[in-house]
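Secondary and tertiary structure notes
Below, each chain spelled out in residue letters.
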Amino acid sequence: MTTRVSLQLTEYKKSLIKRDLEMGIVMTVFRQKVERLTVQVIMETRQVAWTRTADKNDGVLDLFEIREIRPGRNSKDFERFRDGKDKHDENTCFTIFYGSQFVLNTISLGGKCVWEGAEYVRFSYSEPSIVHLPLLFQEIGARKDVLNFEQFHKFYNILMFDQKDVSQNFTESWANDLNQVRELMTTFIDDTMRKTNDPEFTVSEFLSFLFSKENSIWDEKYSEMCNLDMNNPLSHYWINSSHNTYLTGDQLRSESSTEAYIRCLRLGCRCVELDCWEGPGEPIIYHGWTRTTKIKFEDVVKAINDHAFVTSEYPVVLSIEEHCPIEQQRQMARIFREVFQDKLLMEPVELMAEQLPSPTQLKGKIILKVRASPDGTMGVVVGGNNVKNWRWNKHYCVISDDTLYYSPVLHTSEPWFHGRMSEGRQTAERLLQEFCAESGGRDGTFLVRESDTFVTDFTLSFWRSGRVQHCRIRSGSEGGHTFYFLTDNLHFPSVYSLIQHYREMPLRCHDFDLRLTEAVPRPNPHLLEGWFYSNLSRGEAEDYLLRIPRDGAFLIRQREEGDSYAITFRGEGKVKHCRIQKDGSMYVLGTTTEFESLVELVNYFRKKPLYRKIKLRYPVTLELVSRFSTVRERDWERREAEKRGWERDIMGMRGGQREGEREKGAWKGDYGGKLQLFFPANFVEEVSNNIKAESQDQVGRVISILHGVTILLVWGQSVNDFNTSPSTTVRCGRLSPLSIALIKLSLPIINHAPTVNYCYKEIRSFVENKIPAKNKTPDFLKYNHKSLSRIYPKGQRVDSSNYDPYPLWACGCHMVALNFQTADKYTQLNSALFSLNGRTGYVLQPEMMRSDSYDPHLEKRKVKFTLTVRVIAARHLPKLGRSIASPFVETELCGHTEDNKFKTVVYRDNGLNPVWKAPPEPVTFPVHEPELTFLRFVVNEEDMFSDPNFLAQATFPVKGIRSGYRSVPLKNGFNESIELASLLVYIDVQQVEKAEEELYSSSNQLRRRQAELNNELFLYDTHTSLQRSAPPQLRDDLMREFSTNETQLQKIQDTCKQKIKEKKINNSKFYS
């Protein structure tokens, strides 16, 4: 629990407040209604109670369930009665948040004195007496049921160290020091008269020690933060991350709440998600297109600001999914700046860095991470104040090299746009009829074409009630901006936005009411591409390519044969040809490479080499050919030589010219790594003067994160490599009407598998079922060594269930986002992992994972430790209802392991102090990778229907587990402690030698083979019961192999037990 405590309170003042709370203080309680009640802390039962009369409590809460005491009027209880008669000053109010579920209960209180008294609502308390457990230790004690400190020292060493390999990772230094043993024993003696220099333990006191936190299974040194471990790049850490943080339940109808953000941040989460949508006058947060409730964006930002660094001082990442118009984006930018102020990371940490900054460098900072938005709206812009009143629309854009070109048309890339058709109306009707005949004729099937009659207009042709209808899309102009419309009262900035609107909203007229549904695709989309020529000879194609002195220039032409094409391109200074044959509906390049269209073929070889290392880069259009019509290849070589000599002659001019000024046919500028040099004017193309100013203005207003990395907020179709894919279509907003801007992309945030071309600035997001395949694991690991990755649940998890994070952690994924509101096995594994390193939310990945030789799939074959577990007893287990619990315990090893679960018998009607009889053999688990393996205890209750019901759990990383007879403090589903509840277990951790590792490997192989034989025998018996004439020879062979394997398996197990026994004997000799 964390509270804001005034350091100016004196001890005397504190004692007065404590006395008053124990006596009872009349306060105003804000719950279902506002009442004046007596609030009292009852120390005997460790409870807070509120009463109307002295003989009856109206309500109580347990002190150990308190999660937060929040000062001020910061809860819904106060907002509900804001206009009431009871007016309390901000300093006299506070709210208690308590409970064991994700959504906490609240009680809001107002008094006459300042709120500092709230810090005494939760008092420290001592452990109560432990119930008797019949463990005998008279063999060590001088008297019955009593141990003095020397006897306890001897007994403890036998219990703990005689059972295990000698390893510093699993021992306590105090056990070898008699003075420290004496001091520890004194703390567990109930009778003060027996607290002497020669203390003695009774059985009850010894059991108090066994069940105490001092004897915990968990070594607390692993919970401490190591400052040296916080100086690595961010890409070396697992980062505690949440998905859809605002939700308190399922993904469809649950409540969105700012308290969900507070809960996650206080649970140690360092990456939270904000789904931002357009709201009434201000942005809101909710799960779009669902019935989840909506909350104000500003309230969420304020809650994050107040609670971001309560649990951890290390950076918080806000993963923003943005769906707002530009006006509300400006509001978001203003709110970010005003609320976060200096916490918001706006400047580079290191200007010349070659890797991501460390958590220490980013301490106390809030980082904005913007991901692609599916609806095509612009991301948030934060920096800079010079925001013009521009009109923002969706536009078509092209990426070439490192620049992004915007142009004012978007619909031309859509499959439903067919351009200008010959015999337009008749052709459109034929295409719709053929398509509907194949697909079933769904009303609303449509296509768009250029109008036959009006040059600037378009025609919408759609299918309704078994026939084709046509509708004119008119165009108009206002204030220099073109708009499009079907009806006079509803205008759109583009044809694309008009079609998108009527795909979501019905198109109404007096005859019908329908939405546009399926789009009729273009029959030959390559006909609209500039690089396609339907009537071009081989010689003309070569002539065109010789004019373009660039490797990667290309065109596709139709050959004289009807279903045959050829791609002509430049590679290594030569012109190459390759035939493309049409086989049915497929286009075949060479003999085996098939594509559904020529457009798909071109897009593929823009990303992959077509010839040696040459990719398709420059489409040879008629416009490009005309630009180079006066430059032939032989002339180009001559002029290149002239240029080199000419440059040498004018180098002396560089100091005396103004920037951008042309002098004697020379331009001063930057190109190819040469800065502020003069270049021949015939090799320089003048670009519009307003581009630079607009470009700088835009870059000044984008978000800077990490090392001053700049995000250009691009969305829509994912792009494989922004820096190498020319002419790739994405959707964007433009800077100003009818202008072309060039913006450099320095941090694309994309959703796809990594390629070999990546840098540390990239952040890539993957849905859980779209991560790179198993054969790509080494490449994925290399990417994660350098750059960040985030994984999130698939959309089908509408119940907010979670996926297994372990395989993703093993691949080095950093932000494995889970639904924190669901208390399941996987959030408990997540909590166990991030209990390391002081609960900072950042855990340094093991050094072996950062080596190039690491392969998580190979780790499954190596057994490094064995872990023996036996559940002995439990105490004070929680109960679900009024009945007495009938508990049983499941023990599970989570990680690279098989056969990893064991279940005790059900102990009937005893949740107070159940004791489980020892099994004939304790359970032994093979541990393949202790750095990333977890030991999990789950306590369930068996109800009257023999169904299990969750009671408590405890999950620990194996590397921090201590051997011996240990206490397991139990926790609820959200990994919060349950007062008094614990297990007593026996733990034995043994390091496996090389010979033993081979034995365990053989044992695992035999077990798998036995399972296969069992299945074969079962199938054989089923088969023979149907066909009794089957020969018995097969069954005899299977039974013979099964029996032989059982004998070998028993020998291996006996050998392993003998080796463990020898280790114990050697260790016993060492301690004696």
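Residues numbered from 1 in each chain as written. Predicted model: local features only at pLDDT ≥ 70, side-chain atom pairs only at ≥ 80, totals over all residues. Heavy atoms only, no water.

An unreviewed UniProt entry lists the protein chain under the name Phosphoinositide phospholipase C, with Hucho hucho given as the organism. Per UniProt, the protein chain carries the Cofactor (unreviewed entry) text "Ca(2+)". We quote the UniProt Catalytic activity (unreviewed entry) comment for the protein chain here in full: "a 1,2-diacyl-sn-glycero-3-phospho-(1D-myo-inositol-4,5-bisphosphate) + H2O = 1D-myo-inositol 1,4,5-trisphosphate + a 1,2-diacyl-sn-glycerol + H(+)". (UniProt positions renumbered as here; feature names shortened; annotations may be inferred.)

**Considering the overall build of the protein chain**
Within the protein chain, the regular secondary structure consists of 21 helices and 51 strands. The 1072 residues of the protein chain split such that 50% are buried. Considering only contacts within the protein chain whose residues lie at least 6 apart along the sequence, 64% involve residues at least 24 apart. Taken as a whole, the protein chain presents about 52,600 Å² of accessible surface, with 48% of it coming from carbon and sulfur. (Helix = DSSP H or I, 4+ residues; strand = E, 2+ residues; numbered from the N terminus. Buried < 20%, exposed > 50% of the residue type's maximum accessible area, 1.4 Å probe, protein only. Contact = heavy atoms within 4.5 Å. Areas by Shrake-Rupley, 256 points an atom, 1.4 Å probe, with all protein chains shown as cover.)

**Observations regarding the environment of Gly59**
Counting through the fold element by element, Gly59 comes out in strand β4 (residues 56-62). With 20 residues separating them along the chain, Gly59 and Val39 place their C-alpha atoms 9.8 Å apart. For Gly59, the contacting residues outside a window of four places in its chain are Val48, Ala49 and Trp50.

**Digging into the nonpolar core**
In terms of nonpolar packing, the biggest core is built from 59 residues, with Leu867, Leu935, Phe937 and Ile987 touching the most fellow members. Here the element with the most residues in this core is strand β51 (residues 977-991); it accounts for six residues. By size, the runner-up hydrophobic cluster in this structure holds 32 residues, among which are Ile295, Leu368, Phe820 and Phe974. (Core = buried A, V, L, I, M, F, W, Y, C linked by side-chain atoms within 4.5 Å.)

**So, the pattern of salt bridges**
A full pass over the atoms with the stated rule returns 30 salt bridges. Taking the shortest distance from any N to any O, the salt bridge between Asp58 and Arg52 comes out at 2.1 Å. With a relative accessible area of 32%, Asp58 lands in the partly exposed category. Note that Arg547 is salt-bridged to Asp543, the shortest N-O span being 2.8 Å. Remark: Asp543 and Arg547 occur in helix α11 (residues 538-547); sequence separation between them is four residues, near one turn of the helix. On the accessibility criterion, Arg547 (14% relative accessible area) is buried. Put simply, Lys33, Glu35, Arg52 and Asp58 are held in one network by salt bridges that share partners. (Salt bridge = Lys/Arg side-chain N within 4 Å of Asp/Glu carboxyl O.)

**Observations concerning the sheet that holds strand β21 (residues 481-487)**
Strand pairing in a sheet is mediated by backbone hydrogen bonds. Such pairs are either parallel or antiparallel. With antiparallel pairing, the five strands of this open sheet are ordered in space as β18-β19-β20-β21-β22. The sheet is open, and its two borders are formed by β18 (446-450) and β22 (490-492), each paired with just one other strand. When strand polarity is set aside, the average angle formed by the axes of neighbouring strands in this sheet is 30°. One ladder, built from five bridges, connects strand β20 (residues 467-478) with β21; its direction is antiparallel. For Gly476, the partnering residue across the bridge sits in β21 and is Phe483. Relative to β18, helix α9 (residues 424-439) is tilted by about 160°, and along the sheet it contacts β18, β19 (458-464) and β20. (Pairing = 2+ DSSP bridges. Axes fitted to C-alpha atoms, helices over the stretch in contact; angles between N-to-C directions.)

**Some thoughts on the packing of aromatic side chains**
The final tally for this structure, using the stated rule, is 29 aromatic pairs. Taken together, a centroid distance of 5.8 Å and an interplanar angle of 55° make the contact between Trp277 and Tyr286 tilted. When the centroid spacing of 5.2 Å and the interplanar angle of 45° are considered together, the rings of Tyr965 and Tyr986 count as tilted. One end of the pair, Tyr965, is in strand β50 (residues 964-971); the other, Tyr986, is in strand β51, and 21 residues separate them in sequence. One aromatic cluster in this structure is built from Trp218, Tyr222 and Phe956. The ring of Phe974 carries the charged tip of Arg263 above its face, separated from the ring centre by 5.7 Å. (Phe/Tyr/Trp six-rings, centres within 6.5 Å; stacked < 30°, edge-to-face > 60°. Lys NZ or Arg CZ within 6 Å of the ring centre and 35° of its normal.)

**Digging into the pairing of strand β26 (residues 553-558)**
Each regular strand displays side chains that alternate between the two surfaces of the sheet. With respect to burial, β26 is a largely interior element, five of its six residues being buried. A crossover connection joins strand β25 (residues 532-533) to the parallel β26 through α11; in handedness this β-α-β unit is right-handed. Strand direction decides the pairing type here: β26 and strand β31 (residues 618-619), joined by two bridges, are parallel. Bridge assignment links Ala553 to a residue of β31, and that residue is Tyr618. Relative to strand β27 (residues 564-571), β26 runs antiparallel, the two being bridged by five bridges. If you follow Arg557 over to β27, its bridge partner there is Ala566. From the end of β26 to the start of β27, which pair antiparallel, there are five residues. (Right-handed = clockwise from strand over helix to strand, strands pointing away.)

**Some words on the sheet that holds strand β3 (residues 47-53)**
Read from one edge of the open sheet, seven strands run β4-β3-β2-β1-β7-β6-β5, paired in antiparallel fashion. Each having just a single partner strand, β4 and β5 (66-71) make up the two edges of the open sheet. Between one strand and the next, the sheet's axes are offset by a mean angle of 35°, whatever the strand orientation. By the bridge criterion, six bridges tie strand β6 (residues 93-98) to strand β7 (residues 105-110) in an arrangement that is antiparallel. Pairing of Ile96 across the sheet is with Ile107, part of β7. Packed onto the sheet, helix α1 (residues 11-23) meets β1 (25-30) and β2 (34-42) and runs at close to 110° relative to β2.

**Here we look at the packing of helix α7 (residues 297-307) against helix α8 (residues 326-340)**
The description of two packed helices rests on the angle between their axes and on the distance between the axes. Following both chains from N to C, one finds α7 and α8 inclined at 25°, their axes separated by 10 Å at the closest point. As summarised for this structure, α7 and α8 are arranged roughly parallel, according to the angle between their axes. Crossing hand, α7 versus α8: right-handed. Where α7 approaches α8, its residues Phe297, Glu298, Val301, Lys302, Ile304 and Asn305 are matched on the opposing element by Met332, Ile335, Phe336, Val339 and Phe340. When grouped by side-chain class, the residues that make up the contact of α7 with α8 number eight nonpolar, one polar and two charged. (Parallel < 35°, antiparallel > 145°, perpendicular 65-115°, else oblique. Left-handed = near helix turned anticlockwise from the far one by under 90°. Nonpolar A, V, L, I, M, F, W, Y, C, P; charged D, E, K, R; others polar.)

**Here we look at the packing of helix α6 (residues 258-266) against α7**
One can describe the packing of α6 onto α7 by two numbers: an axis separation of 9 Å at closest approach and a directional angle of 25°. When the axes of α6 and α7 are compared, the pair comes out roughly parallel. Crossing hand, α6 versus α7: right-handed. Contacts between α6 and α7 involve Thr258, Tyr261, Ile262, Leu265 and Arg266 from the former and Asp299, Val300, Ala303, Ile304 and His307 from the latter. Looking at the contact of α6 with α7 residue by residue, the classes come out as six nonpolar, two polar and two charged.

**Digging into α8**
An ideal rise of 1.5 Å per residue puts 21 Å on 15 residues; α8 measures up with 21 Å between its terminal C-alpha atoms. The set of residues buried in α8 consists of Ile326, Gln328, Gln329, Met332, Ala333, Ile335, Phe336, Val339 and Phe340. Angularly, the buried residues of α8 cover 165° about the axis, an arc narrow enough to put them on a single face. Count one or two residues on from α8 and you reach Gln341, which has phi positive near 50°. (Expected span 1.5 Å × (residues − 1). Arc of directions from axis to C-beta.)

**So, the side chain of Arg67**
By the element assignment, Arg67 lies in strand β5. By relative accessible area, Arg67 is classed as buried at 16%. A polar atom in the side chain of Arg67 sits 3.0 Å from the backbone oxygen of Gly99. (Polar contact = N/O pair within 3.5 Å; in protein donor to acceptor, adjacent residues only side chain to side chain.)

**Examining unusual backbone geometry**
Positive phi values are uncommon outside glycine, yet Asn244 reaches one of about 45°. The residue Asn244 is located in the loop between β10 (237-239) and α6 in this model. With a phi angle near 65°, Asn975 is a residue other than glycine that sits in the positive phi range. Assignment of secondary structure puts Asn975 in the loop between β50 and β51. Judged by relative accessible area, Asn975 falls into the buried class, the value being 11%.

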